[in-house]
Each structure stands twice: as C-alpha cells, then as structure tokens.
Amino acid sequence: MNHLYPGRTFGKATRDAYGEALRDLGRDHEEIVVLDADLAKSTKSATFGEAFPDRFFNVGIQEANLVGMAGGMASSGKVPFISSFAAFVILKGFDQLRMAVSYPKLNVKVIGSHGGISIGEDGASQQSVEDVALACALPDFVVCVPSDEHQMRAVVKAAFEHHGPVYIRSGRPKAPLVYDTTPEFAFGKAATLRDGSDLTIIANGLLVAAALIAAERLAEDGIEARVVDMACVKPLDEDAVRSAAEDTGAIVVAEEHLLHGGLGARVAQAVATSHPVPMEFVGLDDTYAESGDPAGLMEKYGLTWKEVDAAARRVLSRRTAGAAR
Amino acid sequence: MARSAVPAAAPDVAALRDRARIIRRHIVEMLHEAASGHPGGSLSAVEVVTALYFGGILRHDPENPEWPERDRFVLSKGHGVPVQYAALAMAGYFPVDELRTLRKIDSRLQGHPVLGTAPGIEASTGSLGQGLSIGLGMALAARLDDMDSRVFVLLGDGECQEGQVWEAAMAAGHHRPANLIAIVDYNKFQLDGAIEDIIGLEPLAAKWESMGWKTREIDGHDMQQVVDALEWSTQAGEPVCIIAHTVKGKGVSFMEGDNAYHGVAPSNEELPRALSELERGDPEEENARALGSADVLDRAEASIDASAESNGKGGGR
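Model, not experiment: these values are computed from the prediction.

## Focus: the pattern of salt bridges
All names here are of chain A. Here the structure, examined in full by the defined rule, presents 37 salt bridges over all chains. Ionic pairing is found between D24 and R23, a salt bridge with its closest N-O pair at 3.4 Å. Using a relative accessible area of 34% as the deciding quantity, one classes D24 as partly exposed. With relative accessibility at 25%, the residue R23 sits in the partly exposed group.

Rendered as structure tokens:
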C-alpha cells in the first residue's frame, strides 16, 4: 500500500492498536469483558484475552449469540467489547444489535475489524462496505472510523468512558500515520488537520492520509484545502461541517464505504440544512469489490489521493461555474 | 416473594392455582382493552410464570427492581408479555390498574417487552430467538461476580426454530453456567399453524441434551409439577431445560387449541364468556381461600372489577 501514500510513514494497523488499547484499559477496569466470534486473532481482541482469560469469551462462530450475550452482560453491569469482522458482526448481528443493544440503550462496544475493501484478497464476502450505514441507522449508537493507530487508542478510551452503544471500525492493513501521538478526541468533535480557504476535504479511515496528500498536491497549484478528520460519523460534528461550508464554500467527502448512507451522506445532510455548497464524494458507488491486493483494489475502486484530488478540482469548477452564472 | 437468599417454605399450590386464574383474568381483560395482542401464547405460560413469581422460585424485590443480586426472568417469547405484566402488577411492580394501558400511547406496557419501560422487565424481546443469548450473558456475568443469581428464560416452542436459540444452547453447553434455566412453553402451535406441520421440533429434549443440557418434561399446567421442576432446576448445577407441555389458550375453552387466538384479542361478546370461565369455583381453591392464604387475591380481584368498570375510559398511567 505504501506507493498509494507517497511521503507518508506507516504505523500499525488500527486493529492492532485496538487490541493493545483494550488490554491497557482492562488492567484498570475489571468490568470490561471481551467477546469474540472465532476471529480473536484477526480482530486482535486476543491481545486482551491473553492478558485476562477470565474476562474473555470466545463464543465460536455465532455472531447473533455474540451480540445477545453482550446485551445480557451489559444489563448486568459489565462493559462488553465485542469483535468480529465488520461484515459479520454488523450484518449477521444486526437484529441483535437492534434488540439487545440499541433499543435498550445498553453499554456495549462493537468493534468491526477488516472494514472496507483494504482487507484485500479474501474478497467481497469478507469486505465490509455497508457497516457504517447500518451502524448509523441504529438509534443511540456512536459510530467511529479511526484513521490511524494513535487515533484508535483515543477512540477506544472514549468508547469506554461513554455510557452507551458504540461502533468502531478497524482495519486490517498497516495504516499511514496521521498523528504523532495519541490525539485529543471526543465523540462529535472533528479534527482539523490542515487549514485552507478554497475548499474542505472531510474524510475518515484510510482516506484521511489520502486527503492530506491530495491537499499537498492541490497546494502546488495554489489551491488551499482544509482537511478535516471526521472519525466520528455519528454524532457528526455539525459545527465543523457548517464552518467548512461557510469558510471554504466547497466540500469533498472521502471514505472507504458505499457512497449511500456513509459519512458523505451524513455530511451532505448537515450541509443541506446549514449552508448549502457544492459537494463531491469519493467512495464506492453502489458496488461490492472483489479479491485482489489491497492497494490494487483501492486504485481500481477509486479510493486513493488521486480521486480525492480530482474531486477537489471538480467541486471547485462547479463552484466557479455557479458563481459566474 | 420478597427479597431473600433462600426460597420460602413449600409453596401453597392451591393458592398458586388461584393466582394463575386471576392472572388469566387479567390477560383476557387487558387484551380486550387493548383490542389486540396474543392471548394463546400468554395463557399457555400462566402456570410457569405464576410459579416463578409467586411460588418462591424467583428471588426478586418489587420495591427495588434493580437489586443487583436478583434472579432474572427473561421472556424470550415476547409476544406473551401480558402474562408477565399481570404477574409483575400483582407482585407490586406497578399498579394493577396500569394493565389497562397495555399497547396504548405513552404506556410503559409496550406490546412486546422493552427493557427500561415497565419495572421488572429484564430484556427487550419480540424479535424471536434472542432471549437465551441475553440470559446466558446475564448468567455468565453473575458467575464472574461470584453472585448466585439465577436466570430463567422462557422460550416459545415455535421460537426454537430460530438458529440463535441453538447458538446460545451450544454456547451454554460449553460454558456450563449452573444458574441458567431455559423453559420451553410447548403449546404445539405457531402463527401459521401446528408446529409439527411447519417445522417440527422433535425430538426436542434430545436436542437440548445433545448440547449439554439437563432436561425435564412436565405438564405445564400442573402447578405441582411446574413448582417441582423449577425447584429442581435451581439445584441442578448445570444448564437445565424444562419442556413444559401446554395448551395454547389454556383456561378459556373457546381459545384452547384454537390457533385463531394466536394473535386475536377477545371481542366484546367473548370477554364475559372468558371471564365467567375464570370465576372461582374449584373446591380445592375455595379451600385454600378458606385457609386465609389469599387476602392478596381479594385485592387483586377487586382491582379487576374496578378496571372492568372503568373500561373504555381511556388509558394513561
């Protein structure tokens, strides 16, 4: 994947950071229990399980039961963190997330690993392109897509400190670093990584690093882009969105997810109801992906800095055309 | 029963039968008032629920529903919730009069159970197949905390067609909580017809046993058998499944075994017929009353009469 992120340093995969952060939290908080559905070595919940075997439950290959058990444990005062691949825990556990977590507003943390298409060769059945839309559809759920290992650590801590359901997407590949150290983080608060007056690029996950690269390329042509890391998709930082619209007059949203129902759709709703401006979107256009190497898939399906760069130029030309009219 | 670590002396089975009769009256009354709901599967579960709440089985505290060391009752067959609401009201969780608000706007008594609404409800159910997983999570949480709370989960028979039931059964068979009791209300019918005509469950006990559960089959309307089985279940030391053979619509002659009453409330004409069949009359029950075991029942009965009189005057808490 390195060639997709020229000039960027790579850190750990966000799933690795998740396992470590959870283990560290587990030292101080007996109430944390961790459940996995036979993917603990992949989701990295095994990192917690090795440290605290008494509080770790591998329920086997049963996502529905995984979620239901977590609801029961949460209603008995535990703080369950449950993991599987995003494609499995969200899709196969969705009714249970609704009935046993969202509806009763229980304190369950759901971590879907191997999010997006950057999982690669395993193919579309294991890739998750709709998890953010589905998780956002569950009332009371907080939904986060961290961009790198440092932000993941902050998100895991925030998830523990928040009383209520949280969904966090983690990724399989090593992720390009966005932060040098664990950043300040709060649900509903975006991070402005670079300021600019010509347009704003709002992104999360792997697309944040891509947005930063695109902003550098745009700057070479005299275009100054603001870059906002919107790790928290729900609740959305509507102030940051409105400021982006008012200050820069054009917005690009980029994510490793279906265009319909993800970050882009949520930002568009916020823009439409605050300060409408031209928008462009980078994401998967109503399609599943396929098997292949992660970098090749990100290129084929248009999820690199180049597509962000092109979207930025498109949105600027639309704004200019609108102004000339 | 009141909060206590040890069940009281042997329950008065005759008094329990009378309570069951009053719970049935509440069920038909509240469903008539709601003009919707599921009488068949509520009535079939009456003895099990009555024995749990009033037979010294469930350790709970209506004054403090959140008591951490309480036993839990999870109604996985959520459409049967009228029987639980009736029991909770009679136990003192909320006024009996509130039963009239079932299924109405602003009521705490939702059409299917919702955690956080009516006190005493332990899980949100109604999408079938989920309660045993929730109960297993509760049982394991109690074990982690060295609490001896027991978790009773009441499943429907048709519900046992859901795959998640067997996920949970298999997981419980592995983790072997000694405090998890499943009860199947085996009334032989589901919405679309007879279970054996749709997807049969037999051999049902063998299925549970193959997953590592102890089982016992009982007549789910024989109060003595129900009480004995529930008492046995708490001493078993491993996951237990009680298969309660029941009759859908039990206690109301024209509903018994007639699956039309799966999800149809009694009409204005049917209500008095149903209530008259649920009048006191069994000599054994009369005897129990004569022994003074039922002053609470008198109050409950009075409140039924009061609610009957005020029928149609609207809901609201």
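## A word on the sheet that holds strand 3 (residues 180-186) of chain B
All names here are of chain B. If you walk across this open sheet you meet the 5 strands as 1-2-3-7-6, and the pairing is parallel. Both edges of this open sheet fall to strand 1 (72-75) and strand 6 (214-219), since each of them pairs with a single strand only. Here the average twist between neighbouring strands, direction ignored, is 20°. Here 4 bridges tie strand 1 to strand 2 (residues 151-156), and the two strands are oriented parallel to one another. The residue bridging V74 from the neighbouring strand is V153, located in strand 2.

## Quick look at the nonpolar core
In terms of nonpolar packing, the biggest core is built from 77 residues, with I251(A), V267(A), L132(B) and W208(B) touching the most fellow members. No other element matches the 7 residues that helix 5 (residues 131-144) of chain B contributes to this core.

## Quick notes on the packing of helix 1 (residues 13-34) of chain B against helix 9 (residues 223-235) of chain B
The axes of two packed helices give the description: the angle between them and the distance between them. All names here are of chain B. The N-to-C vectors of helix 1 and helix 9 enclose an angle of 105°; their axes lie 9 Å apart at closest approach. Here helix 1 is positioned roughly perpendicular relative to helix 9, judged by the angle of their axes. Of the residues in helix 9, those touching helix 1 at V13, L16, R17 and A20 are M223, Q224 and V227. When grouped by side-chain class, the residues that make up the contact of helix 1 with helix 9 number 5 nonpolar, 1 polar and 1 charged.

## Focus: helix 3 (residues 46-54) of chain B
The α-helix advances 3.6 residues per turn, and as a result positions three or four apart in sequence lie on the same side. All names here are of chain B. Taken across its 9 residues, helix 3 has 9 buried, putting it largely inside the fold. Residues V46, E47, V48, V49, T50, A51, L52, Y53 and F54 constitute the buried set of helix 3. Backbone geometry just after helix 3 places G56 at a positive phi near 75°.

## Regarding the packing of aromatic side chains
Evaluation of the coordinates by the stated rule reveals 9 aromatic pairs over all chains. With a centroid separation of 5.0 Å and an interplanar angle of 50°, the aromatic rings of F48(A) and F52(A) are classed as tilted. By relative accessible area, F48(A) is classed as buried at 0%. Aromatic side chains Y53(B) and F54(B) sit 6.5 Å apart centroid to centroid with 45° between the ring planes, which places their arrangement in the tilted category. Like F54(B), Y53(B) is buried. Members of the aromatic cluster, connected to one another through ring pairs, are Y53(B), F54(B) and F73(B). The ring of F52(A) is capped by R55(A), whose NZ or CZ atom sits 4.5 Å from the centre of that ring.

## Notes on the side chain of S42(B)
Residue and element names in this part refer to chain B. Locating S42 in the fold gives a position in helix 2 (residues 39-43). Its relative accessible area of 0% is what places S42 among the buried residues. At a separation of 2.7 Å, a polar atom in the side chain of S42 contacts the main-chain carbonyl oxygen of H38. Excluding its chain neighbours within four sequence positions, the residues that come into contact with S42 are I27, H79, G80, P82 and V83.

## Some words on the domain arrangement of chain A
Size of an interface, as often reported, equals the accessible area lost when the parts are brought together. All names here are of chain A. Parsing chain A into structural domains produces domain 1 (9-176) and domain 2 (191-320). Just the C-alpha atoms count here: the centres of domain 1 and domain 2 sit 25 Å apart. Taken residue by residue, the interface counts 33 residues in domain 1 and 31 residues in domain 2. Carbon and sulfur atoms make up 62% of the area that domain 1 and domain 2 hide from each other, which totals about 2300 Å². Of all residues in domain 1, the largest losses of buried area upon contact with domain 2 belong to I117, V129 and V145, amounting jointly to 26% of the total for that side. Counting across the interface, domain 1 meets domain 2 through 0 salt bridges. For the pair domain 1 and domain 2, the number of links is 20 residue pairs in polar contact (both at pLDDT 80 or more). Elements that contribute at least two residues to the side of domain 1 that touches domain 2 include exactly helix 7 (131-136), strand 6 (142-144) and strand 8 (174-176).

## Here we look at the interface of chain A and chain B
Each partner contributes residues to the interface: chain A has 22 residues there, and chain B has 25 residues. Across the pair K78(A) and D145(B) runs a salt bridge whose closest N-O atoms are separated by 2.5 Å. Looking at the side of chain A that touches chain B element by element, the count peaks at 8 residues for helix 4 (residues 63-75) of chain A. Here the side of chain A that touches chain B is built from residues that sort into 10 nonpolar, 8 polar and 4 charged.

## Focus on the packing of helix 4 of chain A against helix 5 of chain B
Look at helix 4 of chain A against helix 5 of chain B: their axes get within 6 Å of each other, and the N-to-C directions meet at 50°. Our classification of the angle between helix 4 of chain A and helix 5 of chain B gives oblique. At the point where helix 4 of chain A passes helix 5 of chain B, the crossing takes the right-handed sense. Counting all contacts with helix 4 of chain A, which are made through N65(A), G68(A), M69(A), G72(A), M73(A) and S75(A), the residues of helix 5 of chain B involved are S133(B), I134(B), L136(B), G137(B), M138(B), L140(B) and A141(B). Looking at the contact of helix 4 of chain A with helix 5 of chain B residue by residue, the class counts come to 7 nonpolar, 6 polar and no charged.

## Remarks on the side chain of N107(A)
Residue and element names in this part refer to chain A. With respect to the helices and strands, N107 occurs in the loop between helix 6 (94-102) and strand 5 (109-113). Within the local environment of N107, its side chain forms a polar contact with the backbone nitrogen of G164, the two atoms lying 2.9 Å apart. The contact partners of N107, leaving out residues within four places of it in the chain, are A74, K78, V79, P80, H162, H163 and G164.

Analysis parameters
Residues numbered from 1 in each chain as written. Chains lettered and ligands numbered in written order. Predicted model: local features only at pLDDT ≥ 70, side-chain atom pairs only at ≥ 80, totals over all residues. Heavy atoms only, no water. Salt bridge = Lys/Arg side-chain N within 4 Å of Asp/Glu carboxyl O. Buried < 20%, exposed > 50% of the residue type's maximum accessible area, 1.4 Å probe, protein only. Pairing = 2+ DSSP bridges. Helix = DSSP H or I, 4+ residues; strand = E, 2+ residues; numbered from the N terminus. Axes fitted to C-alpha atoms, helices over the stretch in contact; angles between N-to-C directions. Core = buried A, V, L, I, M, F, W, Y, C linked by side-chain atoms within 4.5 Å. Parallel < 35°, antiparallel > 145°, perpendicular 65-115°, else oblique. Contact = heavy atoms within 4.5 Å. Nonpolar A, V, L, I, M, F, W, Y, C, P; charged D, E, K, R; others polar. Phe/Tyr/Trp six-rings, centres within 6.5 Å; stacked < 30°, edge-to-face > 60°. Lys NZ or Arg CZ within 6 Å of the ring centre and 35° of its normal. Polar contact = N/O pair within 3.5 Å; in protein donor to acceptor, adjacent residues only side chain to side chain. Domains from an automatic or database assignment. Buried area = accessible area lost by both parts, 1.4 Å probe. Left-handed = near helix turned anticlockwise from the far one by under 90°.

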